[in-house]
Amino acid sequence: MQDEIQLVYISERCQATDDAAIEKIKLRAEHNNHRRNITGALLFTERYFLQYLEGEAAVVDALYASICRDKRHTNVRLLLRKTIMQRDFPRWSLGVKKLLDNDENQDLLAVLNMIGQANSVSESQLDWFKLALK
């Protein structure tokens, strides 16, 4: 078995990338990720994308390189890349969740905005998002 990794990045959503464009991303990614044995989840707000990718290291790294070139977002920053023994999102070729700006999500939005501005992030900060996505 090849080494599997989990890679997490954050990026800034372009204004032209509306919810319909994100639905297209989801449909295409579900198909392609299933074929490549990549799992993960995408959390997004009006401002940010935060994505978890899991799979064989070389395949995930190649996908991340492609994601970095995508014009639907800017300022792509790698937050975490680590070897894993098991996946956090084994059933999702790409789970997608929009984090709405409401009372229920204020803590998560505050952490996401902080991560969006920070130079580094801790794994425990990212764990908040795993909980929100599961």
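Reference entry: report on the structure contained in this document. Being a predicted model, the structure only gives us computed values, none of them experimental.

**Quick word on helix H1 (residues 19-36)**
Here's step 1: With 18 residues, H1 extends 25 Å from end C-alpha to end C-alpha; this agrees with the ideal 26 Å at 1.5 Å per step.
Here's step 2: For H1, the complete set of buried residues consists of Ala 21, Ile 22, Ala 29, Asn 32 and Asn 33.
Here's step 3: Where H1 is buried, its residues contact strand E1 (4-13), strand E2 (39-44), strand E3 (48-56), helix H2 (57-68) and strand E5 (95-98).
Here's step 4: One or two steps after H1, the chain reaches Asn 37, where phi turns positive at roughly 60°.

**With respect to H2**
Here's step 1: With twelve residues, H2 extends 16 Å from end C-alpha to end C-alpha; this agrees with the ideal 16 Å at 1.5 Å per step.
Here's step 2: Ala 57, Val 60, Leu 63, Tyr 64 and Ile 67 are the residues of H2 that are buried. Looking straight down H2, one finds its buried side chains confined to an arc of 135°; they lie on one side.
Here's step 3: Buried-residue contacts for H2 involve E1, H1, E3 and strand E4 (73-84).

**Remarks on the pattern of salt bridges**
Here's step 1: By the definition in use, this model includes five salt bridges.
Here's step 2: Its salt-bridge partner being Glu 30, residue Lys 26 comes within 2.6 Å of it at the nearest N-O pair. On the criterion of helical spacing, the pair formed by Lys 26 and Glu 30 is a turn pair, its members being four residues apart in helix H1.

**Structural notes on the sheet that holds E3**
Here's step 1: The strand order E4-E1-E3-E2-E5 describes an open sheet built from five strands, whose pairing is mixed. Of all the strands in the sheet, just E4 and E5 have a single pairing partner and so form its edges. Each strand of the sheet is rotated relative to its neighbour by a mean of 15°, with strand direction disregarded.
Here's step 2: The pairing of E2 with E3 spans six bridges and is classified as antiparallel. In the strand pairing of E3, Leu 42 is matched with Gln 51.
Here's step 3: The strands that H2 touches are E1, E3 and E4; relative to E3, the one it contacts most, it runs at about 155°.

**A look at the packing of aromatic side chains**
Here's step 1: Taken as a whole, this structure holds four aromatic pairs when the rule is applied.
Here's step 2: With a centroid separation of 5.8 Å and an interplanar angle of 50°, the aromatic rings of Tyr 9 and Tyr 64 are classed as tilted. Taken together, the residues span a long stretch of sequence, with Tyr 9 in strand E1 and Tyr 64 in helix H2 at a distance of 55 residues. There is no split in this pair, since Tyr 9 and Tyr 64 are both buried.
Here's step 3: Here Phe 89 and Trp 92 contribute two aromatic rings whose centre-to-centre distance is 5.7 Å and whose plane-to-plane angle is 20°, an arrangement assigned as stacked.

Reading the values: the criteria
Residues numbered from 1 in each chain as written. Predicted model: local features only at pLDDT ≥ 70, side-chain atom pairs only at ≥ 80, totals over all residues. Heavy atoms only, no water. Helix = DSSP H or I, 4+ residues; strand = E, 2+ residues; numbered from the N terminus. Expected span 1.5 Å × (residues − 1). Buried < 20%, exposed > 50% of the residue type's maximum accessible area, 1.4 Å probe, protein only. Contact = heavy atoms within 4.5 Å. Arc of directions from axis to C-beta. Salt bridge = Lys/Arg side-chain N within 4 Å of Asp/Glu carboxyl O. Pairing = 2+ DSSP bridges. Axes fitted to C-alpha atoms, helices over the stretch in contact; angles between N-to-C directions. Phe/Tyr/Trp six-rings, centres within 6.5 Å; stacked < 30°, edge-to-face > 60°.

Without other data, these values stay purely geometric and don't point to any function.
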